Amino acid sequence: MRLLWSLGLIRGLVWGIVGTAIGIGFTMLVRMALGKPAWETAPVTFVAAVFGTLAFLAGVGAFADWWRWASGEEAGDPPHHHEGPEWVRYFNFDTDHKIIGVQYTITSLVLMFAAGIMALIMRLELAQSGLQFVTPEQFNSAMGLHGIVMIGSILLGVAGMANYLLPLMLGAPDMAFPRLNALSFWVAPPAAILLFLSLAFGGFDTGWTGYPPLGAVGATGKQFFYLGVFFLGFSSILGAINFITTTLKMRAPGMSMFRMPIFVWGVFAAAWIQLTGTQFIGTSFLMVVLERLLGMGFFDPEKGGDPVLFQHIFWFYSHPAVYIFVLPGLGVISELLPVFVRKPLFGYKWVALSSMGIATVGFLVWAHHMFTVGLPNEANTFFMFTTMLVAVPTGVKFFSWVATMWGGKIEFRTPMLFLLGAFVTFLLGGLTGPFLAVVPVDQYLHDTYFVVGHFHNTMFGGFVFPFLAAIYYWFPKVTGRMYSERLGKVHFWLMLVGFVAQTGSMFQTGLFGMRRRIADYDPSLGFDTIHLIGSIGGYLVFFSMLIFAYNMIRSLVAGEKAPANPWNSRSLEWLLPSPVKGVSWPTPPVVVGHPYDYGVPNATFVRLAPAGGSDRSSQTTTPAHETKEANR
Amino acid sequence: MKRHSVLIPTVLTFLLGIPLAVLLWKAPLLPPNAVREGDLVDFLFRLIAAIAGFVFALIVSFVGYSLIAFRRRPGDTSDGPPMHGNVPLEVTWTVVPLLVIFGVGFLGTWVLFEIDRPKPNEMTVRVTGFQFAWLFEYPAYGIRTNELVLPVEQPIKFEVTATDVIHSFWVPEFRMKIDTIPGRINVKRYTPTRIGEYTLRCAELCGAGHYAMLARVRVVSGSEFLQWVAQQSGAQAPEETLSPLAARGKELSDQLGCLACHTTDGSPSVGPTWKGLFGKEEPLADGTTVLVDEAYLRTSILRPGEQIVAGYQNIMPAYEGRLSDEDLEAIIEYIKTLK
Amino acid sequence: MSTHVSHATYDRLAINRLGLWLFIFSDALIFAILLITRFALFGTSRPEELNQALGLGLTVILLVSSLTAYRAEAAIATGDRSGLLRNLLLTIIFGTLFLVGVVGWEWREAPHLGIVPQEGYGIAFFSMTGLHAFHVLTGVLLLLIVFFNARRGAYGPDNYWGVEAAVKYWHFVDVVWVFFYPALYLVR
Ligand code: HEA
Ligand code: HEA
Ligand code: CUA
Ligand SMILES: [Cu+2]
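On a predicted model such as this, the values are computed, not experimentally measured, just so you know. Every chain is numbered on its own, with residues counted from 1 as its sequence reads. Ligands are numbered from 1 and chains lettered from A, in the order in which they are written. In view of the model being predicted, local features appear only for residues whose pLDDT reaches at least 70, and side-chain atom pairs are presented and counted only at 80 or more, with totals across whole chains, interfaces and linings using the full set of residues. To obtain the side-chain values, all non-hydrogen atoms of the structure were used and water was disregarded.

Moving on to the overall build of chain A. Broken down by element type, chain A carries 19 helices and two strands. Between buried and exposed lies partly exposed: a residue is buried under 20% and exposed over 50% of the maximum accessible area for its type, with that area taken using a 1.4 Å probe on protein chains only. Here chain A, with 632 residues, has 67% of them falling under the buried criterion. Contacts are residue-level and defined by heavy atoms, with any inter-residue pair within 4.5 Å sufficient. Relative to all contacts within chain A whose residues are 6 or more apart in sequence, the contacts with residues 24 or more apart total 79%. The method behind every accessible area is Shrake-Rupley, applied with a 1.4 Å probe, and residues are considered shielded solely by the protein chains displayed. Of the accessible surface of chain A, which amounts to about 20400 Å², a share of 70% is contributed by carbon and sulfur atoms. Positive charges are assigned to Lys and Arg, negative charges to Asp and Glu, while His and the chain termini are left out of the count. Charged side chains are reduced to one point each, which is NZ for Lys, CZ for Arg, CG for Asp and CD for Glu. Distance from the positive charge centre (36 side chains) to the negative charge centre (32 side chains) of chain A: 9 Å. Only DSSP runs of H or I covering at least 4 residues are called helices, and only runs of E covering at least 2 are called strands; the numbering of each starts at the N terminus.

This paragraph deals with the coordination of the iron atom of ligand 2. Residue and element names in this part refer to chain A. Only nitrogen, oxygen and sulfur atoms qualify as donors, provided they sit within 2.8 Å of the metal or within 3.2 Å for Na, K and Ca; with water excluded from the atoms, sites may seem incomplete. At 2.0 Å from the iron atom of ligand 2 lie its protein donor atoms, namely His-146 (NE2) and His-456 (NE2). Taken together, the six donor atoms coordinating the iron atom of ligand 2 span angles of 86 to 179° at the metal, a pattern that classifies the geometry as octahedral. In this pair, His-146 sits in helix 6 (residues 136–170) while His-456 sits in helix 16 (residues 449–479), placing the two residues 310 residues apart along the sequence. The buried category is assigned to His-146, whose relative accessible area is 12%. Under the classification used here, a metal with four donors is tetrahedral if each angle lies between 85 and 135 degrees, square planar if opposite donors are over 155 degrees apart and the others between 65 and 115, a six-donor metal meeting that same test is octahedral, and anything else is irregular.

In this section: the interface of chain B and chain A. With 86 residues of chain B at the interface, the matching set in chain A holds 84 residues. As a working definition, buried area equals the accessible area (1.4 Å probe) given up by two parts on being put together, with both sides summed. Both faces considered, chain B and chain A share a buried interface measuring about 7500 Å² in area, 70% of it formed by carbon and sulfur atoms. The largest contributions to the chain B side of the interface with chain A come from Trp-93, Leu-205 and Tyr-211 of chain B, which together make up 9% of the buried area. The term salt bridge refers to a pairing of a side-chain nitrogen on Lys or Arg with a carboxyl oxygen on Asp or Glu at a separation within 4 Å. Put simply, chain B and chain A have five salt bridges between them. Linking Glu-411 of chain A and Arg-72 of chain B is a salt bridge whose minimum nitrogen-to-oxygen distance equals 3.0 Å. Throughout this description, a polar contact denotes any pair of N or O atoms lying within 3.5 Å of each other; where both atoms belong to protein, one of them has to be capable of donating a hydrogen while the other can accept it, and for residues adjacent in sequence the pair is counted only when both atoms sit in side chains. Across the contact surface, chain B and chain A share 21 residue pairs in polar contact (both at pLDDT 80 or more). For the side of chain B that touches chain A, the secondary structure elements donating two or more residues are helix 2 (36–69), helix 3 (87–115), strand 7 (178–180) and strand 8 (186–190) of chain B. With 18 residues, helix 3 of chain B is the single largest residue contributor to the side of chain B that touches chain A. Charged means Asp, Glu, Lys or Arg here, nonpolar means Ala, Val, Leu, Ile, Met, Phe, Trp, Tyr, Cys or Pro, and polar covers whatever is left, Gly included. Residues that form the side of chain B that touches chain A fall into these classes: 53 nonpolar, 19 polar and 14 charged.

Residue and element names in this part refer to chain A. Put simply, a residue is near a molecule or strand once any heavy atom of it comes within 4 Å of that molecule or strand. Neighbouring ligand 2 are 35 residues; Arg-123, His-146, Trp-208, His-456 and Arg-517 lie closest to it. In the model, a nitrogen atom of ligand 2 is placed 2.8 Å from a nitrogen or oxygen of the His-146 side chain. Arg-517 is positioned with one of its backbone polar atoms (N or O) 2.7 Å from an oxygen atom of ligand 2. Elements supplying a minimum of two residues to the shell around ligand 2: helix 5 (97–126), helix 6, helix 16, helix 17 (485–511) and helix 18 (528–558). Taken together, the residues of the shell around ligand 2 break down into 25 nonpolar, seven polar and three charged.

For the rest of this paragraph, the subject is the sheet that holds strand 10 (residues 214–220) of chain B. Residue and element names in this part refer to chain B. For two strands to pair, DSSP has to find at least two bridges joining them. Read from one edge of the open sheet, three strands run 4-10-9, paired in mixed fashion. At either end of the open sheet lies a strand with only one pairing partner, and these are strand 4 (147–151) and strand 9 (196–201). Averaged over all pairs of adjacent strands, the angle between strand axes in this sheet comes to 25°, irrespective of strand direction. Two elements, strand 4 and strand 10, share five bridges in a ladder whose sense is parallel. Residue pairing for strand 10: Glu-147 is matched across the bridge by Arg-216. To obtain an axis, a line is fitted to C-alpha atoms, over the contacting stretch when the element is a helix, and the angle between two such axes runs from 0 to 180 degrees between their N-to-C directions.

Let us now look at the site of ligand 1. Looking at ligand 1, there are 31 residues lining it, with Trp-208, Asp-442, His-446, His-454 and Arg-516 of chain A nearest. Those residues lying near ligand 1 are distributed over chains A and B. Measuring from an oxygen atom of ligand 1, one finds a backbone N or O atom of Leu-436 of chain A at 3.1 Å. Taking Asp-442 of chain A, its side chain carries an N or O atom lying 2.5 Å from an oxygen atom of ligand 1. Elements represented by at least two residues in the shell around ligand 1 include exactly helix 10 (307–341), helix 13 (391–405), helix 14 (414–437) and helix 16 of chain A together with helix 2 of chain B.

Attention shifts here to the packing of helix 1 (residues 7–26) of chain B against helix 2 of chain B. All names here are of chain B. Contact geometry for helix 1 and helix 2: axes closest at 8 Å, N-to-C directions at 155°. Viewed along their axes, helix 1 and helix 2 adopt a mutual orientation that is roughly antiparallel. The handedness of the crossing between helix 1 and helix 2 comes out as right-handed. Relative orientations are named as follows: roughly parallel for angles under 35 degrees, roughly antiparallel for angles over 145 degrees, roughly perpendicular for angles from 65 to 115 degrees, and oblique for any other angle. A crossing counts as left-handed when the near helix is turned anticlockwise from the far one by less than a right angle, and as right-handed when that turn is clockwise.

Often, the extent of an interface is quoted as the loss of accessible area upon association of its parts. Chain C puts 37 residues into the contact, and the matching count from chain A is 46 residues. Our count for the chain C to chain A interface comes out at zero salt bridges. At the boundary of chain C and chain A, one finds six residue pairs in polar contact (both at pLDDT 80 or more). Counting only elements with at least two residues in the side of chain C that touches chain A, the list comes to helix 1 (12–42) and helix 4 (121–151) of chain C. Ranked by residue count, the leading element in the side of chain C that touches chain A is helix 1 of chain C, at 19 residues.

On to the environment of Val-217 of chain A. All names here are of chain A. Here Val-217 shows up in the loop between helix 7 (178–197) and helix 8 (221–249). For the pair Val-217 and Val-288, spaced 71 residues apart in sequence, the C-alpha to C-alpha distance is 9.6 Å. Not counting the four nearest positions on each side in its chain, Val-217 is found in contact with Lys-222 and Arg-292.

All names here are of chain A. Domain extents, as shown, originate in an automatic or database domain assignment. Assigned domains within chain A: domain 1 (2–70) and domain 2 (99–558). For domain 1 versus domain 2, the distance between C-alpha centres works out to 31 Å. Across the contact, 16 residues belong to domain 1 and 17 residues belong to domain 2. Taken together, the two surfaces of domain 1 and domain 2 that pack against each other cover about 1400 Å², and 87% of this comes from carbon and sulfur. When the buried surface of domain 1 facing domain 2 is broken down by residue, Phe-46, Thr-53 and Trp-66 rank first, second and third, together holding 32% of it. Our enumeration of links across domain 1 and domain 2 arrives at one salt bridge. Between Asp-65 and Arg-179 there is a salt bridge whose closest N-O contact spans 2.7 Å. Seen at the junction of domain 1 and domain 2, the total is three residue pairs in polar contact (both at pLDDT 80 or more).

Right under this line is the structure:
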């Protein structure tokens, strides 16, 4: 009991429930005082959800230090010591970026699992024409939840990788704002709970895009969906503040922007999108909630509003958001490729800047999701050109990867296989982008399974495969143990085959006119076989992920001890013991060279400062003038 | 280090890329096209498919070759040659895709403006989408129907809108789709070229019944079209004498779009027919039967989800709060007359 | 089990400042969205009935409060504790006045003038003033915390980040109003 109560998660849940109850009571009292009927689902649940979330955070202990500061005490630097068993930290409000990184990653996988179940329900229904297992309403809820929870899972996965790696790679003791960092993680669990609560209130049948007027009427479940996304967005914004500040201000001495590991560039570019864009989806959803609760007709034409305005605001985030998903993922590809190819990253600067290029151009393309809403053709043309422009910086990445491989010594370990999987799937996803970018063609393909195929390929290639590569690659760093290489390879091949079957069927049916977001399709279209293949593929992917889960859990307990630097990598994080104990870099290392100088004789990346007291520095010392140069 | 020449992967690229491009250009990847504007769309589609196929082959050839030629030999623990970059190369693979993109972009722009260009002697058809059915109006003939009939080779201007939420007007064989948005009228033009039967499919998620929001589309010869028009105009003239209340009900069920899903002549549609409905024993989806009386009609209209007729989906919108009592009376009165 | 690290190697103040600016930048976008919404829905039209005198008065109050906030920061920078307290208190009073003016007066009056939150111009009017009032409220709360901490003697000429942060936030809230006021009351 004592132990349970010492877990922040449990305290948070209990407080959350109490807070929800207080919220309900409070709203009902206020409503009675105002002479209205005490119960009306929408407003009562709205207040209760907000109260519950805040209470959850308070119960976890997220506000403790701020409360101390507000009441005039010095809170000081966040503590780096703790009592009790180590695992308890993972369930508590902890400011260590490594803990937070793992918390994010595990939460991400759990959400991915839940969203995967939703996908399996859909695929079961779609395996044959006719309605067999679920009603159309249930299908729509499963579909929307699958989409939004997967997207949430991606955001958390990105934050997980970034949190764990940024300070280690930059030579910093921790993130710039450790408390804020922990807070932004702990906002995510209640947000996820809200999303799933929507099922208890009639579900939501709008898909993850939540377009009004459909979103503005009907079941209260939609309100939970909007609120859940709003909180997720809030968490994402706070995270971005940390990533940007840490990157700009906490780099080790000598590490100029162009000596940063390339993964950091990916996160940095993505963080700018998170910081600016996320407000747009958050606000657009809040506006719909206001329309539902108070009747403010932002998007209701009869009240002077405009449904298309919502789409502009929504996509102004949600397009760039897809680059939040991929930029860190592509960063992982660029980061790991040199290690497994044993060659420097080809065109480092171009690759780094292409991330910024993608992030920038990404803000100018949002209306390509709206080619059928009847915008003036002049506008459509503009968005067609800007959209296709993104292919240029993305192409730079691709060609640079190809050139990186050229002439190398490629080693096929599990992470490398996942990089190759990412490569092919992202290429397929990317190349289907220009089809959608060209207005007349998109007016045919819009809202068909072709689009579904496009984005599963980009998201698997740009996030899922690299994420898995990253987990395999840094598993020894995080746990000090090796995973099973054999199971890893089985996982990869099963997943690849399943995935190709799944998205192959999406492309094929989409081209032939299969609409998105339908529970049942016309048997006369003759899609039954192809859909069945797609369903089998989807189940294979899920099954392969179970193997992955087994591999991770088994290796965590019984894997062999990992060598200090199993990949022979030149990166900073491998200079530290695995797992990293305590403060990541109590004294920053001194950076004197470039991170990817594989094969360069006598190249040095860092010198450990004397206090670090370790010999695991790179091979040679460097003349003093070089250090100075780097400091400029 | 042995110098590898790019010859092999380059040859591979063409060996793989050209057949792939040709295949993608030729393959019947889309359903047959039935409108003039669609030819241009199909052309663009094939062009992009061919280019994408070639680019795919290019990258896959080089990667595939590298994976074989540059794999690590057992026992070799050395690093590869330190190549850091090559500016001319970087510039090339920035500029060439840029040129391709501008080429495709210009063609796309031209096609876009071409397909949306107004044509002489267009016929206007007004389309209204609502949960979960379609209504078509032919202002020139004063006809309202739930089946879209179009004369072949006649340029049509569709003016589309919606009454409740956003829907999207899409006939796959007509290629382009256009959203129907409450409070807006969108315009799209098609010239049907192929006689046949097609299905209009709502392409924007609009609620539980979205998947079933279909309508029949027929492209017919000019003379057949005129015949159909004559028949429709006849059908809509008041042939029998209805009480004022029932007449009002008839008018309402047309305006409210009931007749988009229900027929009055006994033929089945999205919903059960109204002919002979009143007084009959209706089998329900839960296995029971119910006598159709006024009370049942009332609940079926206000809250259709409560009792679902056997063999039908629960997609009829609830009219609770949308119908006044008098209007409801009138509609019920009208249904009663349909013996 | 781990060493304590001092983050002394890093310029904490610069880090905090950057973080605050990033936050403000992000927050500003919400205001931008509502501003865009207002012009997208209603163009440059605006109802005649708005209480112009009240709007102008409130704007003046808010601008003056920015001045006092500035003086509070300047005071502590030179170690003038009583100046800090006096100016903080003035800022809080002005801020509260503004809130009362918007929420207590203006919001009560507007529906009688035909500006309701549910439709037409009222959508923009109430959402924009509401969002801004919410920020003023948080600003006042922050200033209150700083005020009480200052009374306990928490700040000195070389450590007044708390004051600086609250004041910067306050300026931000004021600057936003400088955009909102003409958009709501003046454009034509
Ligand atoms: C990770 C996510 C991700 C990524 C990276 C992308 C990348 C791209 N997307 Fe995608 N997209 C989505 C996720 C993503 N998308 C999602 C989720 C949706 C649906 C949302 C919804 O409605 O639910 C969507 C929908 C979507 C649409 C709207 C479709 C519709 O609803 O009608 C469009 C239209 O233009 C589009 C285009 C593109 C383009 C041009 C790219 C480009 O960035 C791709 C660039 C890459 C390449 C082109 C390949 C590599 C380049 C080369 C090898 C160089 C040479 C190439 C050429 C010269 C062509 N996407
Ligand atoms: C990352 C994003 C992501 C991922 C991975 C997936 C994965 C899958 N998706 Fe999904 N999908 C979306 C994002 C994603 N999807 C989005 C955004 C939409 C749009 C929704 C909308 O239109 O609103 C969509 C829509 C969508 C549709 C269209 C629905 C419709 O329009 O009607 C379909 C249909 O087949 C589908 C199928 C699948 C299948 C079978 C998988 C399978 O690959 C799933 C396999 C399962 C997993 C990958 C999870 C397994 C994980 C574990 C077992 C965890 C291991 C755990 C530990 C170690 C703890 N998806
Ligand atoms: Cu109407 Cu979908
Ligand atoms: Cu997009």
